[in-house]
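The primary structure of each chain is shown beneath.
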Amino acid sequence: MAKMEVKTSLLDNMIGVGDMVLLEPLNEETFINNLKKRFDHNEIYTYIGNVVISVNPYRPLPIYSPEKVEDYRNRNFYELSPHIFALSDEAYRSLRDQDKDQCILITGESGAGKTEASKLVMSYVAAVCGKGAEVNQVKEQLLQSNPVLEAFGNAKTVRNDNSSRFGKYMDIEFDFKGDPLGGVISNYLLEKSRVVKQPRGERNFHVFYQLLSGASEELLNKLTLERDFSRYNYLSLDSAKVNGVDDAANFRTVRNAMQIVGFMDHEAESVLEVVAAVLKLGNIEFKPESRVNGLDESKIKDKNELKEICELTRIDQSVLERAFSFRTVEAKQEKVSTTLNVAQAYYARDALAKNLYSRLFSWLVNRINESIKAQTKVRKKVMGVLDIYGFEIFEDNSFEQFIINYCNEKLQQIFIELTLKEEQEEYVREGIEWTHIDYFNNAIICDLIENNTNGILAMLDEECLRPGTVTDETFLEKLNQVCATHQHFESRMSKSSRFLNDTSLPHSCFRIQHYAGKVLYQVEGFVDKNNDLLYRDLSQAMWKAGHSLIKSLFPEGNPAKINLKRPPTAGSQFKASVATLMKNLQTKNPNYIRCIKPNDKKAAHIFSEALVCHQIRYLGLLESVRVRRAGYAFRQAYEPCLERYKMLCKQTWPHWKGPARAGVEVLFNELEIPMEEYSFGRSKIFIRNPRTLFKLEDLRKQRLEDLATLIQKIYRGWKCRTHFLLMRKSQIVIAAWYRRYAQQKRYQQIKSSTLVIQSYIRGWKARKILRELKHQKRCEEAATTIAAYWHGTQARRELKRLKEEARRKHAVAVIWAYWLGLKVRREYRKFFRANAGKKIYEFTLQRIVQKYFLEMKNKMPSLSPIDKNWPPRPYLFLDSTHKELKRIFHLWRCKKYRDQFTDQQKLIYEEKLEASELFKDKKALYPSSVGQPFQGAYLEINKNPKYKKLKDAIEEKIIIAEVVNKINRANGKSTSRIFLLTNNNLLLADQKSGQIKSEVPLVDVTKVSMSSQNDGFFAVHLKEGSEAASKGDFLFSSDHLIEMATKLYRTTLSQTKQKLNIEISDEFLVQFRQDKVCVKFIQGNQKNGRVPTCKRKNNRLLEVAVP
Ligand SMILES: Nc1ncnc2c1ncn2[C@@H]1O[C@H](COP(=O)(O)OP(=O)(O)OP(=O)(O)O)[C@@H](O)[C@H]1O
Ligand SMILES: [Mg+2]
C-alpha cells in the first residue's frame, strides 16, 4: 500500500509570491511591494530561486524554535514557506549526501542581520547534525567562538548596536557522516581606527565597556583600571550605555565562552592586560618643549600613566618613553634619529594603540582556530559561512569603504559567475538548449580597482612607496592621470570627466560607479591608512616587553630580524586575502542570504520603501532575478509536478500508471499550454514564464474546489447512509430489548400471582393439619393426666397401707419388749440385793479416781516456779480437785525453790518483794528495775582511798552509797552528790572531795514523792521546823530510784516503826525554803533524747520533761 503523505509546497498559502522569480510583472515597484506585503505578514524570508532574501524584523519572531527546526529538517527546499532553515538544510544535506563543499554567503548593509543570520545557520546545522559527547563539544566550541569575537570585534554604531567591525569567514568541517570535526576562522580588516576615535553616537569595541563594568574590583586593581568610563580618553561618553545591553553580564558570558573555547586562565588574563594597556595608552598626553635648536619636542605630561602601562606590560619605562619622543630611520647602514613633535607623538601613540589592538584581535582568531582545529587528518567536507560587511555608501566614504565595496564587487562577481555557471550546468544536465542571457558583468569594476598595473590599489601602493613627499593629493593626481578614461571612474580633475561642471563632485574626491551604485570617496587618509605606519622604535619597544603575549605580537621589533623592506600595505594585504577568499569560494557550492534592513530606526514593523529600494539596487537583487529567470522562470522535478497537478486531467486523476514525465506530458497537452512556454528536461519540467505556473495554480485551485465539493457530496451521502443504517440497527436493537423487557415484566406478574395463590393454599392446608395435630396432642395429654392421677391415687393408697403396717409392727415390738421386760423382772427380782447399785457406783468412782492420779503422775510439769503448764482435766466432776492439785503443786515447787536460797538472797528477795508491793502497777519505771539486782553500796567507800575521810566520818553501817543528781532548787540544774543511807541518817556528800554536805536524821524524813512515769526524779520531804529542813526539801534523780526508795522505806520502818509515806503523782508540792513549789511532770520533750530534763519555770513551778 502506498504511504499516505501530505505533500506541501511553497506555493500553498503564499503571501505575495514566495519566490521573486514568480513575480509578474518584474520591476522595482512590484519587487518592493511584494517584500513589504510579506514583511507586514511576518514573512521576513523570500526566495529568488535558491537565494534567500532576509528582511530584519528587529524583534524576536517565533520561527526559530526546535519545532521549526524539525519542520524544515529533511524537507525539500520548495516544500515549505521560505526560511533560512530551508537554505541551511539544503546546504547541509547536499554537503552530507552529495559530498559537495558548501559556502553560505551572507551580505547586506550594517544592521541588516548578517551576523544573526550566520548564527541561525550555525545553530540549525548544530541542531540537525550528529550528536554525542565529542561532537557536542566541537559544536559548543564553534558556537562559543561567536561571543568572544563579538566582544572584541563588534561595537555599537549608529546603524547597529552590535555591529561587526570585521569581516568573518568561517569554515566548518565535517566528517563523511556529517558530524562536525572543527573549523577555521578567517578575519578581514578590523576597523582599528575605532580604538582611538569613534564617530558621534558610537562606541568603542564592546570589550572595553564590558571589562570596566563586569570585572571584579580585584581584577580592576590588578589591571590598574577604574570603573569609570570618563577616566579614559579612548572611550566615547555620549553613548557609553546601550539600551538593552548588560555589559557586565556580557563580560561574564565572554569569560565563560573563552573558557569553553579553550583559553587557559593565564591567556585570558594576558588578553585583558593588553586591553587595559590599550585603554591606558589613550590617557598618555604630551606637551611641547622648546629645544635649543628652535625645534619643538614633545614631552609626556604625566608619567604616572606611563609607569602603570610599563608595569602592566613589563616594559622598561625609559625605553617606552624614548619611543614616544624619537623616531629612528634606518637606511642601509645609516641610522638617523629625529625627535617627535607633539602631533607626531600623538600619532605614534594612536598608531601603537591601534596596532596593539588589531594584532591582539588577529591573535585571538588564531588562538580560537587552534582550539577548534579538526583533530583528524581524514578528508573533510567543508561548509563556509561568510559574514562580511555589505556595500557601504556614506556621506563621507574613506579608505575603509573603498576596501569594503571592493570586496562586495568581488562577491557580486562570484555570485554572477556561479549562478550563471550553475544555470548553464543545469541546462546541460537536463539537456535543454542554452540561450544567451543578457546581464551586467561587474568584472570591469573589479579590474578598475585591483588591476596590478593600473588599478587604484596598485596606484595607491605606488604612491606610498615613492620617495619624496607623498600626500593624498598626489595620489588623486595619479588616479586622475591613469584612470581618467575608465567609464566607471569619475573625478573633478579627470580630463574626460563628464561632470566637469558638476558641483556635486567636490575637490579631493573621486567617484566610482559600482555595480550597486555610485560612491564618492574622500581621498584624505588613503595614503596613511594604506601605509598603516608604526614607528620602528615603538615596535622594538613592544618586542622588549616582559609580557610574552605583547612580545609575540610584535615580531618585527626583534633587532636580530630587522627587515628594511617595508611591510605590505593594508590595501595589498586585503587584496591578497580577498583573492584567497574568492579562490576558496569558487571551489564550493554557493548559497546566498541577502540581508535587508527595513528602516534606519532599529525598529520593528517599519518598512521604509526608499531605504529598501536603495538596498535592492546595490545588492543587485533585480539583477539576480533576471539572471535566474534568463531561461526559465520555474523548474520542478516531474514527480512533484505530476503529484501537484494530476487532478487537472482525467487521465492522470486520480492515479497515473506510468513514468511521471509521460504523465506531465499528457497533462500539459490536455491543458493546451503552448509548446514554447515549457521544455522537458531529463528529470525536470522547465516553465518559461511565471504566468504559466500561475495559470496552473489557478486551475488547480479551481479543480481543488470542485474536488472538495465532490468529496463533500460523497462524504455527505456516506454520512447520511451510515447514519440511516445506524438508526435502523439501533431501532432493531431497541425493539428487541423492549420486547424482552415487556415479556419479562408479564412473566414476573404471573409468577408473583402464582406465588400468592400458592401461599394461600399452602397456608390453608397447613392450618388444617395444625388443627388436627393440636386435637391429637390434647387427647394424648388428657390420657396422660388421667393416668398420672390414677397412679398417684394408687401410690398414696399403698403408702398409707405401708405406714399403717409399720406402726402396727412397731407397736407389736414395743408391747413385746415391755412384756418381755416384765416377764424377766418378775423372774429375776428374787436374785438381787437392795444396796448393790450403790456399791457398784462407788467402786466405779474409785476406779476412775485411781486412774486419774496414776495418769497425772506421768504428766507432771517441770519444777520451775514460772512454768505455767498444767495437764488438762479428764473429767468434769474432777474440776475443783484438778485446780487444787495445781495450786498445791505450785506452792510446793515454790517452797522447794525458796529452800535453795542463802540468807542474803532471802533479804534481797524480800526487798524486791517490798518494792513490788510499793511500785508495781504504780510507777512506769518499776518493770525495768525487776531484773536489776539491788546492790546498795554502788560506791565502794571502804575500798576507795578517795573516800577515806568520808568513811572515817561515818560509823554506822552503809545501806546505800550511790551517786545521785541533786536538782538545784533555784534553777533546776543538777549536780552530782554522793547519796548515803545509814541505819539512822541520810547523808549527802561532795562527789569529788567526799565532804559531807548535808545530814538528815531519818526521823525528819516525812515523805518521798515521785511521778508515775519512767523517770528517776524523786523528792525527799523533810519535817517542818527540823534542822535539816532549813533549806527545804530535796529533789534528786537517780538510775536506781526504785531500789533507793524501797531501802529508804524499809530502813525507816525498821528504825522508826513508822511507814514512810510514798506519794506517786505527776504533780506534787515541795517546800523550797519559804516557797511551796509545784513539781510538774510533762510528757513528750524529745530535745535531749532519752534523758529527762528539769527546768525551773518560775517560783511556783518546776517542770520535768519526761521523754
Ligand atoms: N532574524 C532576526 N530576528 C530578530 N532580530 C534580528 C534578526 N536579524 C537581525 N536582528 C536584529 O538586528 C540587529 C542587527 O543585526 P546584525 O548584527 O546581524 O546585523 P549585521 O548585518 O551583522 O550588521 P553589521 O554589518 O553592522 O555587523 C540584531 O542585533 C538584532 O537585534
Ligand atoms: Mg554583523
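No experiment lies behind these values; they were computed from the predicted model shown.

Trainee: Mind showing me how you'd approach unusual backbone geometry here?
Mentor: Trans peptide bonds make up the majority, and among non-glycine residues the majority have a negative phi. The omega torsion of the bond from Glu24 to Pro25 falls at -10°, within 30 degrees of zero and hence cis. Secondary-structure assignment places Pro25 in the segment before helix H1 (28-40). In this chain, Trp653 is followed by Pro654 through a cis amide linkage whose omega measures 0°. Assignment of secondary structure puts Pro654 in the loop between helix H24 (638-645) and helix H25 (660-670). A positive phi is found at Glu672, a non-glycine position, where the angle reads about 55°. Accessibility expressed as a relative area gives 66% for Glu672, which makes it exposed.

Trainee: In this structure, what is going on with the site of ligand 1? I would like to understand it.
Mentor: Taken together, 17 residues surround ligand 1, and among them Ser110, Lys114, Thr115, Ser163 and Ser164 come closest. Here an oxygen atom of ligand 1 sits 2.5 Å away from a polar atom, N or O, in the side chain of Ser110. Ser163 has a polar side-chain atom sitting 2.4 Å from an oxygen atom of ligand 1. When ligand 1 sits alone it has 620 Å² of accessible area, and the protein chains cover 85% of it. If you list the elements that add at least two residues to the shell around ligand 1, you get helix H4 (114-128) and strand S5 (163-164).

Trainee: Would you take a moment to explain the coordination of the magnesium ion (ligand 2) for this structure?
Mentor: Ideal values differ by geometry: the angle at a metal is 109.5 degrees with four tetrahedral donors, but 90 or 180 degrees with six octahedral donors. Coordination of the magnesium ion (ligand 2) by the protein comes from Thr115 (OG1) and Ser164 (OG), over a distance range of 1.9 to 2.0 Å. A residue pair is termed long-range when its members are at least 10 positions apart, and Thr115 in helix H4 and Ser164 in strand S5 qualify at 49 residues. Since its relative accessible area comes to 17%, Ser164 is described here as buried.

Trainee: Honestly, the sheet that holds strand S19 (residues 684-687) in this entry has me stumped. Any pointers?
Mentor: Overall, antiparallel pairing links the 3 strands, which are arranged S17-S19-S18 in an open sheet. Only two strands of the sheet have a single neighbouring strand rather than two, namely strand S17 (634-637) and strand S18 (678-680). Ignoring which end each strand starts from, the neighbouring axes of this sheet average 15° apart. Where S17 meets S19, 4 bridges bridge the pair, whose relative direction is antiparallel. For Gln636, the partnering residue across the bridge sits in S19 and is Ile685. Here H25 sits on the sheet and contacts S18 and S19; the angle it forms with S18, its principal contact strand, is near 155°.

Analysis parameters
- Residues numbered from 1 in each chain as written.
- Chains lettered and ligands numbered in written order.
- Predicted model: local features only at pLDDT ≥ 70, side-chain atom pairs only at ≥ 80, totals over all residues.
- Heavy atoms only, no water.
- Helix = DSSP H or I, 4+ residues; strand = E, 2+ residues; numbered from the N terminus.
- Buried < 20%, exposed > 50% of the residue type's maximum accessible area, 1.4 Å probe, protein only.
- Near = heavy atom within 4 Å.
- Polar contact = N/O pair within 3.5 Å; in protein donor to acceptor, adjacent residues only side chain to side chain.
- Areas by Shrake-Rupley, 256 points an atom, 1.4 Å probe, with all protein chains shown as cover.
- Donors = N, O, S within 2.8 Å, 3.2 Å for Na, K, Ca; no water.
- Pairing = 2+ DSSP bridges.
- Axes fitted to C-alpha atoms, helices over the stretch in contact; angles between N-to-C directions.
- Contact = heavy atoms within 4.5 Å.

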